[in-house]
Amino acid sequence: MTLQERFNPERLIAVACEEAGSDDFGEEGWRDGLRRVTDGLVNDARLSAIGVEIAYLDIIRALKNRLGVIAWRKQHPEIAGKPITSPIFIVGQPRTGTTILYDLLAQDPDLRAPLTWEVDAPCPVPQPEAYHTDPRIAQTQAGIELSEQIIPGFLAFHPMGALVGQECVRITASEFTSMIFSVQYRLPSYYRWLLYDADHTGAYRFHRIFLQHLQSGVPGQWLLKSPAHLWQLDKLLAEYPDALIVQTHRDPLNVISSIAALTHHLRRMGSDESNIAECAAQSYEEIVVGLDRGMTLRDGGAVPAGRVIDVQFADFMKDPWSTIGGIYQKLGRELRPDTEAKMRDFLAAHPSDGGRGRYTWSDTGLDAGEVRDRVRAYQERYAVPTEDPR
């Protein structure tokens, strides 16, 4: 079978429908994104043999999850009537402490993070009595550990686990309007479409449908995370007008070199031809667009000032407990001693190694002076300290 046949959108849809036992995908806006992703996988991604299999399974999972969630919703129409109330979104550039902040806040039993296993396998709806023993947990964990075997060191770059919170890009993958594809695979046409032309309204609408699905089994106030929200704060607030946003800030130069290294590492799982300088060029373009767009939306009033809590990466790394205490104070929440103890235990069990030379600025091929000039307005706007490039 040729690559074109393997990633033919209609064939993929037919396979997913047969395996899921359903053909109702809900709203239809996702098809353009699927076509663009599959076109890029065929023509641009430079997939290895194992990369073809990984990408195929990614697409089928996204389609089947959408089918499953829509089918369940039809069987249980009351799900659609349950609101998503005051969700908390952690946003900011990638590699700015969003993951560890997310993991720490997720230790709060009053907050509900979507765990990796239930995002990857949402049907049937997770139930409280089996939430930490469901067989899907072991299946998901095995897949994560397989990725470490394919690319040793992968989990040091981006720690993952079946029982930790998953990013929203994994949810919006089922709308095929998601940065997850353009980070994991070389898709130059797709990432520019996503950045400049795609309408993300449908992605946020499906995001709500997915959260309603999960909370029908295990409820709670949602704690969510994805750097990708930085590019779409207006669409996020259009769907969730009562959302609370925590935005992390860090010197964009080290962000770019770090995300370029991670992107290169991810792409090596499915391609033998990844290039770190090419990854850095994409990251640079995306980061400056995201920072500019975020500033425009916030300063123009599209994002109400009272909805955003700003967190400096440097402060968080130096004293996470003062930062978290400040977040709780601004959220109007009490940080109970037992919750803080859980957070401290988690951090002790997952210490940062500070990157340990996994990325350096020299690998990016970018001009530091040019990039510094380009991001100066952002640094001045949020008083972001300049770091020495690694």
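It should be emphasised that the depicted structure is a prediction, and the values quoted were computed from it without experimental measurement.

Trainee: What is the right way to read the pattern of salt bridges from this model?
Mentor: Charged atoms that come close allow side chains of opposite charge to pair. Applying the stated rule across the entire model yields 26 salt bridges. Residue Asp-338 pairs with Arg-336 through a salt bridge whose shortest N-O separation is 3.5 Å. For Asp-338, a relative accessible area of 41% puts it in the partly exposed group. Given the relative accessible area of 25%, Arg-336 is considered partly exposed. One continuous salt-bridge network, built from bridges that share partners, spans Asp-32, Arg-35 and Arg-36.

Trainee: What should I look at first to understand unusual backbone geometry in this one?
Mentor: Note on backbone geometry: most residues besides glycine have negative phi, and most peptide bonds are trans. Residue Cys-123 is joined to Pro-124 through a cis peptide bond whose omega torsion reads 0°. Positive phi is not limited to glycine here, since Ser-86 has a value of about 45°. Of note, Ser-86 is situated in the loop between α4 (49-75) and β1 (88-92). Accessibility expressed as a relative area gives 24% for Ser-86, which makes it partly exposed. Even without being a glycine, Phe-176 presents a positive backbone phi close to 60°. The residue Phe-176 is located in the loop between α9 (168-172) and α10 (179-184) in this model.

Trainee: How should the sheet that holds strand β5 (residues 308-312) be read in this particular structure?
Mentor: Strand pairing in a sheet takes place through backbone hydrogen bonds and is either antiparallel or parallel in direction. The strand order across the open sheet built from five strands is β2-β3-β1-β4-β5, with neighbouring strands paired in parallel fashion. Sheet topology places β2 (111-112) and β5 at the edges, where each strand pairs with a single neighbour. Bridging between β2 and strand β3 (residues 221-225) involves two bridges; their strand directions are parallel. Bridge assignment links Leu-111 to a residue of β3, and that residue is Gln-221.

Trainee: Got a minute to help me understand the environment of Val-303 in this structure?
Mentor: Within the fold, Val-303 resides in the loop between α15 (276-299) and β5. With 65 residues separating them in the primary sequence, Val-303 and Ala-238 have C-alpha atoms 10.0 Å apart. The residues contacting Val-303, other than those within four sequence positions of it, are Leu-233, Leu-237, Ile-245, Leu-297, Arg-298 and Val-308.

Trainee: Help me understand the side chain of Gln-93 in this model?
Mentor: Along the chain, Gln-93 falls in the loop between β1 and α5 (98-105). Looking at Gln-93, its side chain comes within polar contact range of the main-chain oxygen of Arg-250, at 3.0 Å. The contacts of Gln-93, once residues within four sequence positions are left out, are Thr-98, Pro-227, Leu-230, Thr-248, Arg-250, Pro-252, Val-255, Ile-287, Leu-291 and Tyr-378.

Trainee: Just to check I follow, could you spell out helix α7 (residues 135-150) for this structure?
Mentor: The end-to-end C-alpha distance of α7 is 24 Å, a good match for the 22 Å that 16 residues give at a rise of 1.5 Å each. The set of residues buried in α7 consists of Arg-136, Ile-137, Thr-140, Ile-144 and Ser-147. Down the axis of α7, the sector holding all buried residues measures 110°, keeping them to one side. Facing away from the buried surface of α7 by more than 90 degrees, the exposed residues are Pro-135, Ala-138, Gln-139 and Gln-149. Sitting at the amino-terminal end of α7 is Asp-134, which places a side-chain oxygen 2.8 Å from the backbone nitrogen of Arg-136.

Parameters and conventions
Residues numbered from 1 in each chain as written. Predicted model: local features only at pLDDT ≥ 70, side-chain atom pairs only at ≥ 80, totals over all residues. Heavy atoms only, no water. Salt bridge = Lys/Arg side-chain N within 4 Å of Asp/Glu carboxyl O. Buried < 20%, exposed > 50% of the residue type's maximum accessible area, 1.4 Å probe, protein only. Helix = DSSP H or I, 4+ residues; strand = E, 2+ residues; numbered from the N terminus. Pairing = 2+ DSSP bridges. Contact = heavy atoms within 4.5 Å. Polar contact = N/O pair within 3.5 Å; in protein donor to acceptor, adjacent residues only side chain to side chain. Expected span 1.5 Å × (residues − 1). Arc of directions from axis to C-beta.

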